[in-house]
Amino acid sequence: MKGRLELIGDWWYVRYTTYDGGGSFRLLVHPNFVDMTDFVIIKNKRFYDGDEVEFTQVLVNPMGREVDPNDLGKNLSKCKWYAKPSLVEKEEQKQHLIDMMESDEELGLYDEPGVKEIKEIKLEDIFNDEKREGVKRVIHQHKVLKGLSLVNPAHLEMTSNGHGEFPDSYKLTEKGIQYIIEQLNKE
């Protein structure tokens, strides 16, 4: 964020406006982040009352340490928000842009469409004989299970869910499971 330095009494503040036009705000600059006298020193450069600076909002505990506002495991009740001025030099900005463009090039974002080598995927690569046989087996098993009737009392056992005195469902027995496996393996 950007804001302007203000000296009020012996305290330095950063005055900034929100992006949504919500008004002008003032945030105290903590003395741990910069050297302050009649001016503020950021990375060996002097800034005076009214100068524009880059800053971030940071949460500081009573000991003067920066804390993570998302760490809900800590007691943040006595912490306060401060402005932490920073200096983004032109060379740093240039280097950052160069680094971003180089990483974009590695990803191929600047390549011309159609210039890349296109590898054709053949249907045989996806559905080889082994996979084709597996698909056929699943289709066959589905048909067998749809047409299967368990009418032999040795294949099923009557059970109750415990809420009534009469059985209200059936459970497969070992013989029933073996019967289903035999039917599935038939071709």
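To be clear, the structure that these remarks concern was listed above.
Below you will find a few notes about this structure. Not measured: the values here are computed from a predicted model.

### Description of the overall build of the protein
Along its length, the protein carries 4 helices and 11 strands. Taken over 187 residues, the protein has a buried fraction of 20%. Within the protein, counting contacts between residues at least 6 apart in sequence, those at least 24 apart form 46% of the total. Accessible surface, the protein: about 15,200 Å² in total, of which carbon and sulfur atoms supply 52%.

### Some words on the environment of Gln178
As for its position among the elements, Gln178 is in helix α4 (residues 174–185). For the pair formed by Gln178 and His155, sequence separation is 23 residues and the distance between their alpha carbons is 8.8 Å.

### Some thoughts on the pairing of strand β1 (residues 2–8)
For β1 and strand β7 (residues 52–60), the ladder comprises 3 bridges, and the chain directions are antiparallel. Across the sheet, residue Lys2 finds its bridge partner in β7, namely Glu54. As defined by bridge partners, β1 adjoins strand β2 (residues 11–17) across 5 bridges and the pair is classed as antiparallel. Bridging across to β2, Leu5 finds its partner in Val14. Count of turn residues in the β1/β2 antiparallel hairpin: 2 residues, of which Gly9 carries a positive phi of about 70°.

### So, the nonpolar core
Counting 13 residues, the largest nonpolar core has Leu5 and Val14 as the members making the most contacts within it. Elements that contribute at least two residues to this core include exactly β2, β5 (40–42) and β7. Here this core takes 3 residues from β2, the largest share from any one element. Ignoring anything within four residues of it in the chain, the contact list for Val14 reads Gly3, Arg4, Leu5, Phe25, Arg26, Leu27, Val29, Val53, Phe55 and Ala83.

### Considerations on the pattern of salt bridges
Two side chains bearing opposite charge may form a pair once their charged atoms approach each other closely. Tallied over the full model, the rule gives 6 salt bridges. With a closest N to O distance of 3.9 Å, Glu133 and Lys136 form a salt bridge. Of this pair, Glu133 and Lys136 both sit in helix α3 (residues 129–147), separated by 3 residues, roughly a single helical turn. Accessibility expressed as a relative area gives 48% for Lys136, which makes it partly exposed.

### With respect to α4
Given 3.6 residues per helical turn, the α-helix brings residues three or four places apart onto the same face. With 12 residues, α4 ought to run about 16 Å at 1.5 Å a step, and its terminal C-alpha atoms sit 17 Å apart, in line with that. Taken together, the buried positions of α4 are occupied by Gly176, Ile180, Gln183 and Leu184. All buried residues of α4 lie within an arc of 100° about the axis, which places them on one face of the element. Exposed side of α4, more than 90 degrees from the buried face: Glu174, Lys175 and Asn185 are the residues found there. On the buried face of α4, the contacting elements are α3 and β11 (169–172).

### Section: the side chain of Asn61
Inspection of the secondary structure puts Asn61 in the loop between β7 and β8 (66–67). On the accessibility criterion, Asn61 (17% relative accessible area) is buried. At a separation of 3.0 Å, a polar atom in the side chain of Asn61 contacts the main-chain amide nitrogen of Met63. Polar contacts involving the side chain of Asn61 include one to the main-chain amide nitrogen of Arg65, which spans 2.9 Å. Beyond its immediate sequence surroundings of up to four residues, Asn61 is in contact with Val67 and Cys79.

Rules and cut-offs
Each chain carries its own residue numbering, running from 1 in the written order of its sequence. Per-residue local features of the predicted model are confined to residues with pLDDT of at least 70, and side-chain atom pairs are confined, for both listing and counting, to 80 or more; whole-chain, interface and lining totals are unaffected and use all residues. Heavy atoms throughout the structure, all of them, feed into the side-chain values; hydrogens and water do not. We count a stretch as a helix when DSSP gives it H or I for four or more residues in a row; a strand needs E for two or more, and each element gets its number in order from the N terminus. Using a 1.4 Å probe on the protein chains alone, a residue whose accessible area is under 20% of its type maximum counts as buried, one over 50% counts as exposed, and one in between counts as partly exposed. Two residues form a contact once any of their heavy atoms are found within 4.5 Å. Computed by Shrake-Rupley with a 1.4 Å probe, the accessible areas treat only the displayed protein chains as cover when residues are assessed. Strand pairing follows a simple DSSP-based rule, namely that at least 2 bridges must link the two strands. As used in this record, nonpolar core signifies buried Ala, Val, Leu, Ile, Met, Phe, Trp, Tyr and Cys residues forming a set joined through side-chain atoms within 4.5 Å. Should a side-chain nitrogen of Lys or Arg be within 4 Å of a carboxyl oxygen of Asp or Glu, the pair is scored as a salt bridge. Given a helix with a known number of residues, its expected span is that number minus one, times 1.5 Å. What the arc measures is the spread of directions leading from the helix axis to the C-beta atoms. Each polar contact in these results corresponds to two N or O atoms within 3.5 Å; when the atoms are within protein, one needs to be able to donate a hydrogen and the other to accept it, and residues that are neighboring in sequence are counted only if both atoms are side-chain atoms.

No statement about biological role is implied by the geometric values presented.
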